[in-house]
Amino acid sequence: IDARIGALSRQLAAEARARASRRRARRGRDDGAACRVPVVCLVGYTNAGKSALHARLAQAGDAGRARDAPFASLETQRRAGRLSDGSEVVYVDPVGFVESLPHGLVQSFAATLEAARESDVLLLVVDCASARAVRQRDTVVSTLRNELCLPEDLLARTIEVHAKSDLLGGGDGGGGG
């Protein structure tokens with residue numbers, strides 16, 4: 001069992017190095033910043049609405065993998081998109097956060113959340129219809145700061161987005177589709 005754990009740990013490390021190399025190539029770091037495409041990473045608690053927002057921002061035309069289920073996917077999704085000024089951007093949707101993640105799974109989640117560390121802007125997606133919205137938001141922020149050790153300058157470039165407002169009572173919630 002120890003040999004298998006060691007082999008899997010080495011494989012995870014090799015995959016992390018390969019992903020970092022692909023990210024550097026995609027972002028143009030090897031050629032200078034002129035050809036670099038900004039990266040926007042959606043972070044949030046599991047089932048907060050990140051995947052639906054990801055599909056909408058990238059104008060995917062469908063909700064892609066978005067489903068009303070925790071951990072609908074354990075893989076990071078990337079989609080090209082455009083900002084309102086027409087400039088290119090890459091939207092990244094990693095796995096959602098959870099509270100009290102078992103220690104044995106932290107490395108697996110950290111590997112998929114490397115995208116947050118490599119992004120230019122974070123969109124913190126909060127399910128504002130959840131009775132636990134504040135606690136879930138705090139869990140995500142704490143994980144970004146304390147577990148993933150994201151730099152303060154990146155945390156300062158976090159935009160909070162309230163998803164699922166159409167599920168709130170008292171009006172149409174501005175959902176509009």
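Owing to the predicted nature of the structure, the values given are computational and were not obtained by experimental measurement. (Residues numbered from 1 in each chain as written. Predicted model: local features only at pLDDT ≥ 70, side-chain atom pairs only at ≥ 80, totals over all residues. Heavy atoms only, no water.)

Before going further, it helps to examine the overall build of the chain. Tallying secondary structure elements over the chain gives six helices and five strands in all. Along the chain, helices (α) and strands (β) appear in the sequence α-β-α-β-β-α-α-β-α-α-β when read from the amino end. Of all intrachain contacts in the chain linking residues separated by at least 6 positions in sequence, the fraction that spans at least 24 positions is 66%. About 10,300 Å² of surface is accessible on the chain, with carbon and sulfur atoms providing 52% of the total. (Helix = DSSP H or I, 4+ residues; strand = E, 2+ residues; numbered from the N terminus. Contact = heavy atoms within 4.5 Å. Areas by Shrake-Rupley, 256 points an atom, 1.4 Å probe, with all protein chains shown as cover.)

Throughout the structure, instances matching the rule amount to seven salt bridges. Among the salt bridges present, the one from Arg 137 reaches Asp 138, with a minimum N-O distance of 3.3 Å. You can call Arg 137 partly exposed: its relative accessible area is 28%. Taking the relative accessible area as the measure of exposure, Asp 138 reaches 39% and is therefore partly exposed. (Salt bridge = Lys/Arg side-chain N within 4 Å of Asp/Glu carboxyl O. Buried < 20%, exposed > 50% of the residue type's maximum accessible area, 1.4 Å probe, protein only.)

What follows covers the pairing of strand β3 (residues 88–93). Counting buried positions along β3 gives five out of six residues, so the element sits mostly inside the fold. As paired elements, strand β1 (residues 39–44) and β3 share three bridges and run parallel to each other. Bridge pairing links Val 40 to Tyr 91 in β3. In the sheet, strand β2 (residues 77–82) pairs with β3 via six bridges, with the strands oriented antiparallel. (Pairing = 2+ DSSP bridges.)

If you check helix α5 (residues 133–147), its first and last C-alpha atoms are 20 Å apart, about what 15 residues at 1.5 Å a residue would give, namely 21 Å. Inspection of α5 places Ala 133, Gln 136, Thr 139, Val 140, Thr 143 and Leu 144 among the buried residues, and these make up the whole buried set. When α5 is viewed along its axis, its buried side chains cluster within an angular range of 125 degrees and face the same direction. Residues of α5 that are buried in the fold lie against β1, α4 (114–117), β4 (121–127) and α6 (152–155). Looking at the residues trailing α5, positive phi occurs at Cys 149, about 55 degrees. (Expected span 1.5 Å × (residues − 1). Arc of directions from axis to C-beta.)

Within the open sheet, the five strands sit side by side as β2-β3-β1-β4-β5. Their pairing is mixed. If you trace the sheet from one side to the other, it starts and ends with β2 and β5 (158–163), each paired once. Sheet twist, expressed as the average angle between the axes of neighbouring strands with direction ignored, equals 25 degrees. Pairing analysis gives five bridges linking β1 to β4, with the strands arranged parallel. Note on β4: the bridge partner recorded for Gly 44 is Val 125. Those strands touched by α5 are β1, β4 and β5, and its axis lies near 155 degrees from that of β4. (Axes fitted to C-alpha atoms, helices over the stretch in contact; angles between N-to-C directions.)

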